[in-house]
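Topology and contacts: notes
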Amino acid sequence: MVSSECERVIGLSAISVRSLTKYYGRTRGIENIDLDVEKGEIFGFIGPNGAGKSTTIRLLMQLIFPTSGTMRVLGEEIRGDNPRLRRRIGYLPGEVSYYSDLTGRQLLTFIAGAYGLEGLGRIEEYSERLSLDLSKTVKSYSLGNRKKLALVHALMHDPELLILDEPTTGLDPLMQAVFFDMIKERRDAGATVFLSTHVLSEVDKVCDRVAIIRNGSLVSVSKVSEVPGRDHRRIEVTFKEPGNLIERFDLARIDPDVVYEAGVHRFKVSGEINDALRALAEHPVSDLIVRLPSLEELFMEFYKDDNAAETNGR
Amino acid sequence: MFHKGIFLNELYRSRKTLLVNSIVLALLMAVFAGFSDMVTREDFVSLLKTYPQSLLEAFNIDPDIMGTFEGWMAGEAYVMYVLILGIVAAMMGSSTVAKEVDQHTSEAVFTLPVSRKAVFLSKAASHLMVITVSALLSTAASLITGFAVAHVAYPGRVALMFAGGYLVSLAFAGVGYAATSFLDSDRTAMSLSIGFVLISFTLNAFSGMSESIRWVANGSLFHLLDVTVIARGDSFPAVGALVSALIYLAGLFGGMLVFSKRDIAA
């Protein structure tokens, strides 16, 4: 029996998976994943290599089938091959490979035909924005140009859901900015974006919510601003007196994990920072920076702690 | 279940196979037909009758009908025709999915809004087109050359022989379709295809060496159709033709069903 709350969530969800599990023989892909991606949001999906990001995406794209669990995408339950549902999804794979002997235009015309699109309106428009020359053969394209081709492929049919796996790899910063503009436009038009990436600054920049996956299981789903540890502060202090002053000034009382690197003492402080600032002010300071941790720092810390726990556990 | 775009794209990608295979096979058949008058001489046929029966059977040679164009073409020419067309057909069948996985194009192709069954059948339809065109051109080349430099008494029998060989080649394609979902390398697919056709040929060839091993021919698709029967004008081996067609269809639809339910390798 599905609760009314659950029904409400599923109704609003672009992606809703329950107890999703995939094993490749005896090898674990993902295990018991529960996830809801709401319609109209940009959802970040992060995790280290082998965590299960690609497995999840390949399941959503029906390239592989689950060992157990259920998946609903855009209101339709995925049971086997569902080309009608794929028509509503734009997919950008992590590794882009196309028929190399076709020109960009031939390839995109072929793909447009599969989507039942007439003419090259959107293709020309997106290619122009991404500065992609469609007259060249795919084999002559650089990695960046192949990525642009895949982006045009993913966007050409104005999909309701975009599933993007490492979308900016190979794109120069200028093209990355164009790409994010295009993604935001799609979101503004009501589309949902599921973004898997290693580049955490991208998640910070564009995502509404983020899920962290590790060893095939989801370990955290939250708003980007509410990622565990996001309320901590990083304090970087340079004292007028040179050298490592951790012991001399007893800086471990502020943060037992304080480190000294390249003339700077680095602290992590949770909660109120007044006590820390007061303690630091007891000594002559030449520079002081107080900032929020980046998602990248939290991610690295999270996995460092986890790996350490795992190593100790062995 | 059929997608024109996938069909045309596959046909475009197979254009070199179509061109090379058609030219090579048509030239080869033209060469065989061109030599017809030299080898159908009475003295040559008498010489053949002195050869060991096993050797003659290995190359489908029946000295009793070797004095005719039809008899000559039913021999080594037919064997070469099925060997080449069969290898090409098996390779095309076995690469249907394996090539996409090997070249990492599977993610792009199998996430299109076209069902897996439609992709599979549309690709197979283009393969059928390539094999059919090659077979027709080879038949035409042998007949045209035969009419030009030899004496073709029964062109219909020659056409029927080539049609039989075409069906046997399709059976090889069927085996390829049945196997393709389990393969993730194009090279493996090619090696298996060539190996399977050659083993099939060898089993059939060696089965005539002794009565005690004649049964091994049953493991060969070359054994499905006896074209010397056609060359003699006795009848058309309808059962062999039907079994060949059934192997093709079973492989094709079986392979398609397996593929529609299998995970696609990354």
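Here, the structure is the one placed above.
This one's a predicted model, so the numbers in the text were calculated from it and none came from an experiment.

Quick look at the packing of aromatic side chains now. Residues and elements named next belong to chain A. Taken as a whole and judged by the stated rule, the model has 15 aromatic pairs over all chains. Measuring from centroid to centroid gives 6.3 Å for Tyr99 and Phe110, while their planes differ by 45°, and the two rings are tilted. Of this pair, Tyr99 sits in the loop between β6 (89–92) and α4 (104–114) while Phe110 is found in helix α4, placing the two residues eleven residues apart along the sequence. An identical accessibility class is assigned to Tyr99 and Phe110; each is buried. Each ring, one from Phe239 and one from Phe249, has its centre 5.2 Å from the other, and the planes form 80°; the classification is edge-to-face. A residue pair is termed long-range when its members are at least 10 positions apart, and Phe239 in strand β11 (residues 233–239) and Phe249 in the loop between β11 and β12 (259–261) qualify at ten residues. Given the relative accessible area of 8%, Phe249 is considered buried.

The next point concerns the side chain of His127 of chain B. Residue and element names in this part refer to chain B. Counting through the fold element by element, His127 comes out in helix α8 (residues 116–149). Side chain to side chain, His127 and Glu10 meet in a polar contact 2.9 Å long. Residues in contact with His127, not counting those within four places in the same chain, are Glu10, Met92, Gly93, Thr96 and Tyr177.

Turning our attention to helix α5 (residues 121–129) of chain A. Residue and element names in this part refer to chain A. Taken as a whole, α5 has its buried residues at Ile123, Tyr126 and Ser127. Each buried residue of α5 lies within a common arc of 100° when the element is viewed along its axis, so the set occupies one face. Seen from the open side of α5, the exposed residues pointing more than 90 degrees away from its buried face are Gly121 and Glu128. Buried residues along α5 sit against α4, α6 (143–155) and α7 (173–188).

As a further point, take the nonpolar core. Among the nonpolar cores identified, the biggest contains 153 residues, and Tyr98, Ile111, Leu149, Ile163 and Phe194 of chain A together with Met73 and Tyr81 of chain B are the most heavily contacted of them. With near-sequence residues (within four places) excluded, Ile111 of chain A lies in contact with Tyr98, His153 and Met156 of chain A together with Leu112 of chain B. In this structure, Phe249, Val258, Ala276 and Leu280 of chain A belong to the second largest nonpolar core, which totals 15 residues.

For the rest of this paragraph, the subject is the environment of Phe196 of chain B. All names here are of chain B. When you line up the elements, Phe196 lands in helix α10 (residues 186–206). Along the primary structure Phe196 and Leu221 are separated by 25 residues, whereas in three dimensions their C-alpha atoms are 9.8 Å apart. The contact partners of Phe196, leaving out residues within four places of it in the chain, are Phe172, Val175 and Leu221.

The tally for this structure, following the rule as stated, stands at 29 salt bridges over all chains. Note that Glu107 of chain B and Arg58 of chain A form a salt bridge whose closest N and O atoms lie 2.3 Å from each other. On the criterion of chain membership, the pair formed by Glu107 of chain B in helix α7 (residues 106–109) and Arg58 of chain A in helix α2 (residues 53–60) is interchain, its members lying in two chains. Glu236 of chain A serves as the salt-bridge partner of Arg266 of chain A, at 3.3 Å between the closest nitrogen and oxygen. Highlighted residues: Arg266 of chain A in strand β13 (residues 264–269) and Glu236 of chain A in strand β11, separated in sequence by 30 residues. A residue is classified by how much of its surface remains accessible, and Arg266 of chain A, at 28% relative accessible area, is partly exposed.

What counts and what doesn't
- Residues numbered from 1 in each chain as written.
- Chains lettered and ligands numbered in written order.
- Predicted model: local features only at pLDDT ≥ 70, side-chain atom pairs only at ≥ 80, totals over all residues.
- Heavy atoms only, no water.
- Phe/Tyr/Trp six-rings, centres within 6.5 Å; stacked < 30°, edge-to-face > 60°.
- Helix = DSSP H or I, 4+ residues; strand = E, 2+ residues; numbered from the N terminus.
- Buried < 20%, exposed > 50% of the residue type's maximum accessible area, 1.4 Å probe, protein only.
- Polar contact = N/O pair within 3.5 Å; in protein donor to acceptor, adjacent residues only side chain to side chain.
- Contact = heavy atoms within 4.5 Å.
- Arc of directions from axis to C-beta.
- Core = buried A, V, L, I, M, F, W, Y, C linked by side-chain atoms within 4.5 Å.
- Salt bridge = Lys/Arg side-chain N within 4 Å of Asp/Glu carboxyl O.

The analysis is restricted to geometry; functional conclusions fall outside its scope.
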